[in-house]
There are 2 protein chains.
Amino acid sequence: MERTLAAELSANAGQRVRLAGWLHHQRQLAQVTFLLLRDRSGIAQVVLTDPADREALAELLAETVVEVEGNVVANDQAPAGVELVDPKVAVLAEPAAAPPFELRRPKVNAQLPTLLDHAAVSLRHPARRALAQIGAASASGFRTALDRAGFIEVFTPKVVAAATENGANVFPIDWFGRRAYLAQSPQFYKQIMVGVFERVYEVGPVFRAEPHDTVRHLAEYLSLDAEMGFIHDHHDVMRVLRDVLSAMVDAIADTAEPALRHIDLDLPEVPAHIPTVDFDSAQHMIEASTGRATIGEPDLSPPDERWLGEWAHTEHESDFVFVTGYPISKRPFYTQPDPTNPAASNSFDLLFRGLELVTGGQRLHRYEDYLDALQGQDLDLFEGYLEAFRYGMPAHGGFAIGLERWVARLAGVSNVREATLFPRDLHRLTP
Amino acid sequence: MERTLAAELSANAGQRVRLAGWLHHQRQLAQVTFLLLRDRSGIAQVVLTDPADREALAELLAETVVEVEGNVVANDQAPAGVELVDPKVAVLAEPAAAPPFELRRPKVNAQLPTLLDHAAVSLRHPARRALAQIGAASASGFRTALDRAGFIEVFTPKVVAAATENGANVFPIDWFGRRAYLAQSPQFYKQIMVGVFERVYEVGPVFRAEPHDTVRHLAEYLSLDAEMGFIHDHHDVMRVLRDVLSAMVDAIADTAEPALRHIDLDLPEVPAHIPTVDFDSAQHMIEASTGRATIGEPDLSPPDERWLGEWAHTEHESDFVFVTGYPISKRPFYTQPDPTNPAASNSFDLLFRGLELVTGGQRLHRYEDYLDALQGQDLDLFEGYLEAFRYGMPAHGGFAIGLERWVARLAGVSNVREATLFPRDLHRLTP
């Protein structure tokens, strides 16, 4: 008999079917045992009434892998309105021990470090699964939007010869006896590839040797990167980013919908025009509203970002707000200055519910501008990058979204590690 | 005026349009100059007849970024049957130098090391672009097939605490003062995730510190990994792999078709049933046919694989052939033995045109089997992995496809580095 999934049960009322999955829980009442079977699609209820069966199965550990043949009948009390009766249960694989916590509870009763230590089993909990499903759907939506807009996916190296991009916070590698580094971002490579394909994206890991142990930082995370040529300025990039975010939300709604029931997730609307505020204006608004000395600071503080999140929500009913025109002094060397105000830059951050989610902007594209920007540095280390500009490059820009931060913020979890399958940080290298 | 792409010209005959791109080449004849403009979609021909214009543009370097307004007219002699006349050309960005080789030639006149050293410009050549487009389409087809089959994408760490999978050929990392390693594959993680989602895939980089300098090996490459639970045996995995390959070929035909004109590519048919031969039978056939002492060898040699490729082509008109039942002694510790012959394994290789392209098989899934398989090893190093089996795991298996090797073999390029944007090997860390 072909296997049926839990989610397909209600379409099979009246049929005899075969399910397979994990023994999520069994509830033993006086006359009946309800056995909950979990598979990749959801949870099905199996009703055991035969006393011999009930006794035989009573000792099965949670997470036993089983298959169950039975008749599908409607029952308003059962999950999804159907259950399996007259079942025949066979054990496919027995666990060696009971799980270290109960996966059947709405929230696992364990601290985050314990959950992370036991990822192989804690990830089976529907709420933790849901975050991974949201991540997968988000990556898929990102690619869908960019494929539609003529972008092409690229795969660039994660091992680089020199720590040229930010200079600090890199992980050294022993590469056949030479020193190399883990890439902090695909920034240089995606710019090079604009010279080849105009519009490129990459979904891949990046590595930051952040010596800080915070709830917002991972030492390895997934970066959703895009870069595009033939732009007028950063506003063209922001329009593409808006469409990307919208497609990410749509993909979550379309493909991860069953997962959403297990978590407290409030999917945002992405407005057709995301409210946009200039850095200086933002500082003026914040200082006028809060009285906090803000004007002239070189960057926005976390309270500033939260204020802007509130402002966007109140004034524009938007969970998103763009801040443009950050001081050029605070942006990377490849950032394009604002042609009307060289102290400012053609850059932006996107705040989502008061937290920085995306950084982007227009880049320099003229070879001479790079020579100026890199004055005093060893240009040999930048050779492969500079070639892209030496041989003709259009005006271009792009952005990077941190996938785990997006998922964490969406789902309202306070620690980004919860939105990661196997987090890597200052202390954690396993599992 | 909105920008028009080169590939859209023929749909715009009779219109005045604006193109933008790179000056691919200009051919100066007595009375006319043909200017070829390259953009992300292809190449357009622009006809200059005004003597002042011709003179003004004559000195432009190849790869100058330009925009051109002009009238689209039909001309059977022009590429795609249309060209731009009465043009107005504006320079958007001037290169600082002429490219180190001529991108306009059907084949760039330079050796591979030179092309790789100058990747930022050599990748702009239509034939090199085509290989990257085939790679992107292949990855997309891989995901499409697996999404359709209920798989979910996962993102697993590329930095691991111990070199437990193969033991050798790993790159050490300095991780905040501790020793860590680059992951050789997502094998352990994708198995763990079978316990969570049953069916998972990952598209990501893997790292092999191969001290060999061959045309087939990269130290960093892209692995297309899949793993699935609730299988009967490895033949279930092989059926999914067959559908994946078919979707990869379809995706190339659908999305990379314009690219294919620039290279000599012969897209294979993926048969509904890929011919399958048992390892022992294969050795008997090879020895009987070639007279070469083959029977009893622990593995197939490259000439053996070529022979099988020929055999599949001649006997089954197939570019693909599965070899099953490799000796268990030659497969990794997590491989499921053949229940009818414990010296053999429930594993397979897929040969494509006589070369190993995919390795896969059924894995052990019982905790005790892992304890046996890992006897004598420090189990603490495997703790996070073993938990997946301790807490109930169904029979499962999977496979891994090396993307660059697939693209190289498809396009008939002899060195896998040609199928990589920025290859990493024993000697090469830049660009």
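Sequence order as written defines residue numbering, which begins from 1 separately in each chain. Chains carry letters and ligands carry numbers; both start at the beginning, A for chains and 1 for ligands, and go up in the order they are written. Where local features are concerned, this predicted model is filtered to residues with pLDDT of at least 70; where side-chain atom pairs are given and counted, the filter is 80 or more; whole-chain, interface and lining totals use all residues.

Enquirer: Residues and numbers for the overall build of chain A, please.
Expert: Counting its secondary structure elements, chain A contains twelve helices and 18 strands. Three exposure classes are used, based on other C-beta atoms lying within 10 Å of a residue's own C-beta, which is placed from the backbone: buried for 20 or more, exposed for 12 or fewer, and partly exposed in between. When burial is assessed residue by residue, chain A has 51% of its 431 residues classed as buried. The contact criterion used is a C-beta to C-beta distance within 7 Å, with each C-beta placed from the backbone. Taking the intrachain contacts of chain A between residues at least 6 apart in sequence as the baseline, contacts between residues at least 24 apart amount to 63%. Only DSSP runs of H or I covering at least 4 residues are called helices, and only runs of E covering at least 2 are called strands; the numbering of each starts at the N terminus.

Enquirer: Please give an account of the sheet that holds strand E12 (residues 276–278) of chain A that cites residues and values.
Expert: All names here are of chain A. The pairing criterion is simple: DSSP has to find at least two bridges between the two strands. With mixed pairing, the eight strands of this open sheet are ordered in space as E6-E10-E11-E18-E17-E16-E13-E12. Bordering the open sheet on either side are strand E6 (152–153) and E12, each of which pairs with just one other strand. Helix axes are fitted only over the stretch in contact, all axes being lines through C-alpha atoms; the angle between N-to-C directions runs from 0 to 180 degrees. Relative to E12, helix H8 (residues 279–290) is tilted by about 85°, and along the sheet it contacts E12 and strand E13 (320–324).

Enquirer: Go over the pairing of strand E11 (residues 220–229) of chain A with me, naming the residues and quoting the values.
Expert: Looking down a regular strand, the side chains alternate between one sheet face and the other. All names here are of chain A. Here E11 lies mainly inside the structure; ten of its ten residues are buried. Where strand E10 (residues 199–207) and E11 come together, nine bridges link them in antiparallel fashion. Within the sheet, the bridge partner assigned to Phe207 lies in E11 and is Glu220. Pairing of E11 with strand E18 (residues 396–402), which is carried by seven bridges, proceeds in the antiparallel orientation.

Enquirer: Account for the relation of the copies chain A and chain B, with residues named and values stated.
Expert: Aligned on chain B, chain A shows an RMSD of 0.0 Å; the corresponding rotation is 180° and the shift along the axis is 0.0 Å. When the rotation and shift are considered jointly, the pair of chain copies conforms to a two-fold rotation axis. No C-alpha of chain A lies nearer the rotation axis than that of A:Ile173, which sits 2.2 Å from it. The fraction of interface residues of chain A whose copies in chain B are also interface residues reaches 100%, indicating that both copies meet through the same surface. Least squares is the method used to superpose the copies, on C-alpha atoms of residues holding a pLDDT of at least 70 in both.

Enquirer: Can you break down the domain arrangement of chain A residue by residue, with the values?
Expert: For chain A, the domain assignment lists domain 1 (6–98) and domain 2 (120–419). Centre-to-centre separation of domain 1 of chain A and domain 2 of chain A, based on C-alpha positions: 45 Å. Residue ranges labeled as domains rest on an automatic or database domain assignment.

Enquirer: Can you lay out the interface of chain A and chain B for me, pointing to particular residues and giving the numbers?
Expert: Contacts between the two partners involve 77 residues from chain A and, on the opposite side, 77 residues from chain B. Looking at side-chain class alone, the side of chain A that touches chain B contains 48 nonpolar, twelve polar and 17 charged residues. In this classification, Asp, Glu, Lys and Arg are treated as charged, Ala, Val, Leu, Ile, Met, Phe, Trp, Tyr, Cys and Pro as nonpolar, and every other residue, Gly included, as polar.

Enquirer: Quick one: what's the story with the sheet that holds strand E10 (residues 199–207) of chain B, residue by residue and with numbers?
Expert: All names here are of chain B. Judged by pairing direction, the sheet is mixed, and its eight strands sit side by side in the order E6-E10-E11-E18-E17-E16-E13-E12 without closing on themselves. Here the strands that pair on one side only, and so sit at the sheet edges, are strand E6 (152–153) and strand E12 (276–278). The pairing of strand E13 (residues 320–324) with strand E16 (residues 347–352) spans five bridges and is classified as antiparallel. When the bridges of E16 are listed, Thr324 appears paired with Phe348. Packed onto the sheet, helix H6 (residues 234–255) meets strand E11 (220–229), E13, E16, strand E17 (355–363) and strand E18 (396–402) and runs at close to 135° relative to E17.

Enquirer: A description of helix H8 (residues 279–290) of chain B should follow, citing residues and the corresponding values.
Expert: All names here are of chain B. Relative to the 16 Å expected for twelve residues at 1.5 Å per residue, H8 spans 16 Å between its end C-alpha atoms, a close match to the ideal helical length. Where H8 is buried, its residues touch E12, helix H9 (302–316), E13 and strand E15 (341–345). Gly291 lies just past H8 and shows a positive phi near 80°. Multiplying 1.5 Å by the residue count of a helix minus one yields the expected span of that helix.

Enquirer: Can you explain the pairing of E16(B)? Please cite residues and give values.
Expert: All names here are of chain B. Most of E16 is tucked away: six of the six residues are buried. By the bridge criterion, six bridges tie E16 to E17 in an arrangement that is antiparallel. Of the residues in E17, the one forming a bridge with Leu350 is Val358. The hairpin turn running from E16 into E17, its antiparallel successor, is two residues long, and Arg353 in that turn takes a positive phi close to 50°.

Enquirer: Explain the confidence of the model for chain A to me, using residue names and the numbers behind them.
Expert: Summary of the metric used: pLDDT quantifies the predictor's per-residue confidence within the range 0 to 100. When pLDDT is averaged along chain A, the result is 96; 100% of the residues meet or exceed 70. Two numbers describe this predicted complex: its pTM, 0.97, and its ipTM, 0.97.

Enquirer: Can you lay out the environment of A:Tyr367 for me, pointing to particular residues and giving the numbers?
Expert: Residue placement: A:Tyr367 occurs in helix H10 (residues 367–373). Taking the number of C-beta atoms within 10 Å as the measure of exposure, A:Tyr367 has 21 and is therefore buried. Put simply, A:Tyr367 and A:Gly392 are 25 residues apart on the chain and 8.2 Å apart in space, counted from C-alpha to C-alpha. In this view, A:Tyr367 contacts A:Leu386, A:Phe389, A:Arg390 and B:Ala96; residues no more than four positions away in its chain are not counted.

Enquirer: Residue-level account of unusual backbone geometry, with values.
Expert: A cis amide bond links A:Thr430 to the next residue, A:Pro431, at an omega of -15°. Inspection of the secondary structure assignment puts A:Pro431 in the segment after helix H12 (403–411). In this structure, B:Glu317 takes a positive phi of about 50° despite not being glycine. On the secondary structure map, B:Glu317 appears in the loop between H9 and E13. With 10 C-beta atoms packed within 10 Å, B:Glu317 lands in the exposed category.

Enquirer: Can you explain the packing of helix H4 (residues 126–148) of chain A against H12(A)? Please cite residues and give values.
Expert: Packed helices, taken two at a time, are described by their axes: the angle between them and the distance between them. All names here are of chain A. Relative orientation of the contacting elements H4 and H12 amounts to 125°, with a least axis distance of 10 Å. Regarding the angle of H4 to H12, the classification is oblique. Crossing of H4 over H12 shows right-handed handedness. Here Leu131, Ile134, Gly135, Ser138 and Ala139 of H4 lie close against H12, whose contacting residues are Leu403, Trp406, Val407, Leu410 and Ala411. The residue inventory of the contact of H4 with H12, partitioned by class, reads eight nonpolar, two polar and no charged. Any angle from 65 to 115 degrees is called roughly perpendicular, while one under 35 is roughly parallel, one over 145 is roughly antiparallel, and all others are oblique. For a crossing to be left-handed, the near helix must be turned anticlockwise from the far one by less than a right angle; the clockwise case is right-handed.

Enquirer: Outline H6(B), listing residues and values.
Expert: Residues and elements named next belong to chain B. Under the 1.5 Å per step criterion, the end-to-end length of H6 is 31 Å for 22 residues, consistent within 8% with the ideal 32 Å. Buried within H6 are the following residues: His234, Val237, Met238, Val240, Leu241, Val244, Leu245, Ala247, Met248, Ala251 and Ile252. Here the buried face of H6 lies against helix H4 (126–148), E11, E13, E16, E17 and E18.

Enquirer: Summarise the environment of A:Leu112; cite the residues concerned and give the values.
Expert: All names here are of chain A. Along the chain, Leu112 turns up in helix H2 (residues 112–117). The spacing of Leu112 and Asn415 is 303 residues in sequence and 9.0 Å in space, taken between C-alpha atoms. Other than its neighbours up to four places away in sequence, Leu112 contacts Asn415, Arg417 and Glu418.

Enquirer: Explain the nonpolar core residue by residue, including any values.
Expert: Defined on buried residues, the nonpolar core groups Ala, Val, Leu, Ile, Met, Phe, Trp, Tyr and Cys residues joined through C-beta atoms within 7 Å. Among the nonpolar cores identified, the biggest contains 263 residues, and A:Ile173, A:Val323, B:Ile173 and B:Val323 are the most heavily contacted of them. With sequence-adjacent residues up to four places away left out, B:Ile173 is seen in contact with A:Phe171, A:Ile173, A:Leu182, B:Val159, B:Ala180, B:Tyr181 and B:Leu182.

Enquirer: Give me the environment of A:Ser345: which residues, what numbers.
Expert: All names here are of chain A. Relative to the assigned elements, Ser345 resides in strand E15 (residues 341–345). Distance from Ser345 to Pro298, taken between C-alpha atoms, is 12 Å for residues 47 residues apart in sequence. Leaving out residues up to four positions away in the same chain, Ser345 has contacts with Gly325, Tyr326, Ile328, Arg331, Thr335, Gln336, Pro337, Asp338 and Gly361.

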